[in-house]
Amino acid sequence: MSIGSGYPFRGRIELSREGEAFVVQIRNIDADGEILTNELTLTKLPGKKSPDWLLANDILFIAKGTKNTATLVKNVPENTICSPHFFRLRVKPQHNADVLAEFICWQLNQEPAQRYFTVSAEGSLQVSIRKKVLEETPFTLPDFETQTKIVNLHRCAMKEIKTYNQLIENRQLEMTAIASDLLNRLNKNI
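Residues numbered from 1 in each chain as written. Predicted model: local features only at pLDDT ≥ 70, side-chain atom pairs only at ≥ 80, totals over all residues. Heavy atoms only, no water.

### Focus on the nonpolar core
Link 1 in the chain: Counting residues in hydrophobic clusters, the biggest one holds 22 residues, and the most contacted among them are Ile59, Phe61, Phe87, Leu89, Leu108, Phe117 and Leu134.
Link 2 in the chain: Within the residue set of this core, elements represented by two or more residues are strand S4 (59–62), strand S5 (70–72), strand S7 (86–90), helix H1 (101–108), helix H2 (111–120) and helix H3 (131–135).
Link 3 in the chain: It is H1 that provides the largest number of residues to this core, a total of five residues.
Link 4 in the chain: In contact with phenylalanine 117, other than residues within four places in its own chain, are Phe61, Asn68, Leu108, Ile129, Leu134 and Thr137.
Link 5 in the chain: Ile35, Val76, Cys82 and Phe86 belong to the second-largest nonpolar core, a separate cluster that totals 11 residues. (Core = buried A, V, L, I, M, F, W, Y, C linked by side-chain atoms within 4.5 Å. Buried < 20%, exposed > 50% of the residue type's maximum accessible area, 1.4 Å probe, protein only. Helix = DSSP H or I, 4+ residues; strand = E, 2+ residues; numbered from the N terminus. Contact = heavy atoms within 4.5 Å.)

### Observations regarding empty space enclosed by the protein
Link 1 in the chain: The tally for this structure, following the rule as stated, stands at one cavity of 30 Å³ or more.
Link 2 in the chain: Considering only enclosed or pocket space, the largest cavity measures out at about 60 Å³ in volume.
Link 3 in the chain: Tallied by class, residues from the lining of the largest cavity come to four nonpolar, two polar and three charged. (1 Å grid on protein atoms, 1.4 Å probe; cavity = no way out; pocket = protein on both sides within 12 Å on 5 of 7 lines; lining within 4 Å. Points joined across faces, edges and corners; volume = space filled by probe spheres on them. Nonpolar A, V, L, I, M, F, W, Y, C, P; charged D, E, K, R; others polar.)

### Details of the packing of aromatic side chains
Link 1 in the chain: In total, this model carries four aromatic pairs according to the counting rule given.
Link 2 in the chain: Here a set of aromatic residues connected by ring pairs shows up, and it is made of Phe61, Tyr116 and Phe117. (Phe/Tyr/Trp six-rings, centres within 6.5 Å; stacked < 30°, edge-to-face > 60°.)

### A look at the sheet that holds strand S1 (residues 2–5)
Link 1 in the chain: Here four strands make up an open sheet; going across it, the order is S1-S7-S4-S5 and the pairing antiparallel. Of all strands in the sheet, those bounded by a partner on one side alone are S1 and S5. The mean inter-strand angle of the sheet, taken between neighbouring strand axes irrespective of direction, is 25°.
Link 2 in the chain: One ladder, built from four bridges, connects S4 with S7; its direction is antiparallel. Residue pairing for S7: leucine 60 is matched across the bridge by arginine 88.
Link 3 in the chain: Across the sheet, H1 lies against S4, S5 and S7, angled at about 155° from S5, the strand it touches most. (Pairing = 2+ DSSP bridges. Axes fitted to C-alpha atoms, helices over the stretch in contact; angles between N-to-C directions.)

### Focus on the packing of H1 against helix H4 (residues 144–189)
Helix-helix packing: each pair is described by the crossing angle between the helix axes and the interaxial distance.
Link 1 in the chain: Running from N to C, H1 and H4 point in directions that differ by 60°, and their axes come no closer than 9 Å. Between H1 and H4 lies a crossing of left-handed hand. Of the residues in H4, those in contact with Glu102, Phe103 and Trp106 of H1 are Gln147, Ile150, Val151, His154 and Arg155.
Link 2 in the chain: Classifying every residue of the contact of H1 with H4 by side-chain character gives four nonpolar, two polar and two charged. (Left-handed = near helix turned anticlockwise from the far one by under 90°.)

### With respect to the pattern of salt bridges
Side chains that differ in charge, positive against negative, can pair when their charged atoms come close.
Link 1 in the chain: One pass over the full model with this rule turns up 12 salt bridges.
Link 2 in the chain: Where arginine 12 meets glutamate 14, a salt bridge forms, and the shortest distance between an N and an O atom there is 3.6 Å.
Link 3 in the chain: A relative accessible area of 69% places arginine 12 in the exposed class.
Link 4 in the chain: Residue class for glutamate 14 comes out partly exposed when judged on its relative accessible area of 45%.
Link 5 in the chain: A salt bridge links glutamate 34 to lysine 74; the shortest N-O distance between them is 3.2 Å. Taken together, the residues glutamate 34 in the loop between strand S2 (21–24) and strand S3 (41–43) and lysine 74 in the loop between S5 and strand S6 (80–82) connect sequence positions 40 residues apart.
Link 6 in the chain: Residue class for glutamate 34 comes out partly exposed when judged on its relative accessible area of 27%. (Salt bridge = Lys/Arg side-chain N within 4 Å of Asp/Glu carboxyl O.)

What follows is the structure, given as C-alpha cells:
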C-alpha cells in the first residue's frame, strides 16, 4: 500500500472556470462515504507540484478533524485530486491480485481501527492523524476470497440501510400529508 498526501493548497481552494483540476474536499463526502462528484470544485493548481491524480480504487482517508474515515474512489472526473485534509492510499500494482482496496477501506472504517485512530490522534484544536499512525494501523488481510465475501456483505448491508432510510422518509412524508389534510379539513369546517 502506498500512502500519499493530498495536494498542498495554501489557503482557500478557489473556483475557476479555466481550472485544470477537480478537487475532492471533506464536504464532498456524504454520510454514506460516497464522493459527491457533481459538487467537486474546479480550480487552477497553485505552485509547481505535479498533481497525483486520483484513480479508481484509491482510498481517501480523512486525516484532519474528528471524523477519520475512509472513502473508496469509484467514478471521479479525469484530473481529480484531493485536498490536503486527506491521505490517498493506493494498492501497489503487484498486489492487485491479492488485495481488494474496497476491503481495506471497509476495515479502516470499522470499530477496531476507529478506536486506534481516536487514541492516536494528535492536536487539541485541529485533531489529526499522522501518516506514520495510518501506516501502523493494525488490520488483518485474509485471503482474496474472504475479502470479496466481506465486501459483498458490506454492500448488501449498505443497500439495506439506504432502503430502510428511504422507507422512513416515505413514512414521514405520508404522515405529514395526513396531518396537512386533517388541518385543511378543520379549517374548511370553521
